[in-house]
Amino acid sequence: MNFFDALPSYLEKIDQEQYRQEMVPEWLRLYLDYETLEHLMIVAGEFRHQKNSLKIVKPMKYYELVQNLEIKDKIDKDKSSLLLVLDQELQKIESFILYKYQDLLCKSQQLQEQIKLMQIQDQYHKRKKECLKQQFYELYMQQLQFQSFIQLHTRIMQQLQYEVQYCFKIDILVKDRAILDQLNLKLDDDKSKTHQLLSFNFYPYDPDTCRKNLEKYSAKKKAGSTNIYLFGLFFGVSVVVITILLLMRLEGMLDPENEELFSPIFPSIRGGGLLLIYYWLLTLDQYIWIKYQINYKLYLGFNHHFSTLTEVIKRVSFLSTIYLLLFLITCIQVEEIAFKDYKQIVKILPLLYWVIFFGYLLIPTIKKFNGQGRRWMYRMLKGALFTHFLSYDARYTFVLDQFVSLFSPIRDLEYTICYYSNDLFNDNEEIIHYKECESGQRIVGDICLVVVFSLKCLHCLTLAKKNGKFYNTLEMWNFLKNLLAVSVGIVGCLNKFDKTDAILWIILAGTFTILQQYWEIKNDWLFLQPDSKFKFLRSDLAFINPHFYYFLIILNMFVISAWTFTISPQMYLYLKIPNQQLFIMIVGIMELTRRFIHNLIKVEKEHILNLRRFRSSKDLVYPFEQKGEILAKVRQSNAYNISVLEFQRLSQEFTRNTQLNFNKQAIEILLQQPYDQQIMKMNSSIDRKKIRQQLQTEYYIKLINQYS
């Protein structure tokens, strides 16, 4: 029996899963090692429970249990170990609290200085003001993270206090809890002050917008009844429409190879469907990142305008509903089941969907229809196209990678423009126009291929310039790999179905596929690490279960074979593949699946790197120039002196970390150590990973239960 079962009803065992869910992932190594402390209390708790049970019912057994020296020695050792481990844990926690609190005080003070500098220098500079506004949001998020760290440890300490009292009859953590309670109240004041500064200086006429933006960081909303109803309605409509379309196909209708009916408009429908699949897979990526607490917003550079998962699902569901309904109406008319008198109108419905989709992407409004998300997209596109000449940013390469997987929809968009720009309503020549627009006659997709991979080559050169070395570096090999991808596309485009050219394409495509697979596993995902805890992977995994990674790697090996057809689709003609239109659609879906896998693990890898660097948020930027004389006047303010005094007061409150032994550099070194290698030293070395294996808890539990 676990001793927690014998605790009073108002004391509940801490849920380890919930405990981890509430952690800031990047600070994982800094949280209280509750699991070790729990193991050190199990024997004493079971002893206390059995002793209370036997005292009245079996007094002789009670006396024998109490006089058992082996059990008493075990409890005394566990008690000493618990106090030692707890003291080390509290020292670690208090050191980090001092470190982080000092950091937040300095950042808050610097932002207050920036406000005054903004008022003195140039308060009408929109770009600098916008940048400073974002820094206040970033500070607020960091204050929230730190407060969650404090609040979680307050609850943990309260629970530990009761459990240690029950097991060993000693009082602990009273002062520590009181200090954390006071600090929690102070952080409430700091957050309120940040909110007031942000609202007063940047939202003087619209404070509600400021409040709603801040709530997105702190609110943990579950899907409301309205959202559940709307998603259920969408799901039901989608199932009905897809069922109807499948039944029509089983009856021999909707044949993509039927040149007289469905084939001319199928590429337009296919392109819209592939874009929706891509959108849904991005949404699935976001769901998995959130579920496993992967800080994707940090890597992608989202600001306070980021969209929640519920908002993203609403948008993609809305677009999917429109697509399915237009698709269904078009299919019914093409097969002459209904709408026979509206042929010319129904014929343009596939084009209408493209207009709606790009209207959503290009609509100029900022406040409606995720305008800020579009601004982020435009900023990333601008950076991917131009900024790489000046500086390297991994996000720009990430954006270009998305375009690689969208070559199939891009070609279908090119076909749509070609098809509908011809004499659409001339039924006698419709098939001629349709043939003229086939992929073999178009080059826009191939131009996109050359441009995207040329930009990726430039990214490699920019990064090599930044590092000061190119020869025999990862940048050089990545550069050559991207050049090989360009050659695959060019050979496929210029191939006139001559056997020699086709063989050359097969050789280049096969070579690139193998290299790309190895590059993704080794460099993009950081797998195949030597001495890894998990074979062929790395020791630190955000998704925890290694079999999930093995499954994704195997699936990626399968779907990556479609990549070469994505960049050179003309080759399916040489290979004489039947059902060519469906084959292109399957290839597009496989490539989007590959992009889903790559995005998922790529962001997870960047998250792991942030964990290793103890980076949970972006570094603050101070846009207004800090001139010497002005800065001296600003720093004479009471706020600066109060911040210094506040830190001094807190550092004196902690008995384990005074200003004399608080070492910021030592904390930073601790944060760089892998969790499994942390060895706390005090009188003796204790390896936290081994201590639980040496407790022999099960043996002593059985020994105690012999008396019951």
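Everything numeric here is computed off the predicted structure, so don't read it as measured data.

Enquirer: Describe the pattern of salt bridges, with residues and values.
Expert: Oppositely charged side chains can form a pair if their charged atoms are brought close together. In total, this model carries 15 salt bridges according to the counting rule given. With a shortest N-O distance of 3.1 Å, Arg211 and Glu215 are connected by a salt bridge. Of this pair, Arg211 and Glu215 both sit in helix α7 (residues 207-218), separated by 4 residues, roughly a single helical turn. Between Asp412 and Arg270 there is a salt bridge, and its shortest N-O distance comes to 2.7 Å. Taken together, the residues Asp412 in helix α16 (residues 407-421) and Arg270 in helix α9 (residues 266-291) connect sequence positions 142 residues apart. Here the two residues Asp412 and Arg270 agree in accessibility, since each one is buried.

Enquirer: Account for the side chain of Asp524, naming residues and giving values.
Expert: Structurally, the position occupied by Asp524 is in helix α20 (residues 499-524). In this structure, Asp524 is buried with no salt-bridge partner, the nearest side chain bearing the opposite charge being Lys602 at 4.3 Å. Setting aside residues up to four positions removed in sequence, Asp524 forms contacts with Trp519, His598, Lys602 and Lys605.

Enquirer: Now, about the packing of helix α2 (residues 34-57) against helix α5 (residues 126-168): what can you tell me, with residues and values included?
Expert: Two elements in contact, α2 and α5, have axes whose closest approach is 8 Å; the angle formed by their N-to-C orientations is 40°. Here α2 is positioned oblique relative to α5, judged by the angle of their axes. Classified by chirality, the crossing of α5 by α2 is left-handed. Packed against α2, whose contacting residues are Tyr34, Leu37, Leu40, Met41, Ala44, Gly45, Arg48, His49 and Asn52, the element α5 presents Ile156, Gln159, Leu160, Glu163, Val164, Gln165, Tyr166, Cys167 and Phe168 at the interface. Among the residues making up the contact of α2 with α5, the classes are represented as 11 nonpolar, 5 polar and 2 charged.

About the criteria used
- Residues numbered from 1 in each chain as written.
- Predicted model: local features only at pLDDT ≥ 70, side-chain atom pairs only at ≥ 80, totals over all residues.
- Heavy atoms only, no water.
- Salt bridge = Lys/Arg side-chain N within 4 Å of Asp/Glu carboxyl O.
- Helix = DSSP H or I, 4+ residues; strand = E, 2+ residues; numbered from the N terminus.
- Buried < 20%, exposed > 50% of the residue type's maximum accessible area, 1.4 Å probe, protein only.
- Lys, Arg positive; Asp, Glu negative; His and termini not counted.
- Contact = heavy atoms within 4.5 Å.
- Axes fitted to C-alpha atoms, helices over the stretch in contact; angles between N-to-C directions.
- Parallel < 35°, antiparallel > 145°, perpendicular 65-115°, else oblique.
- Left-handed = near helix turned anticlockwise from the far one by under 90°.
- Nonpolar A, V, L, I, M, F, W, Y, C, P; charged D, E, K, R; others polar.

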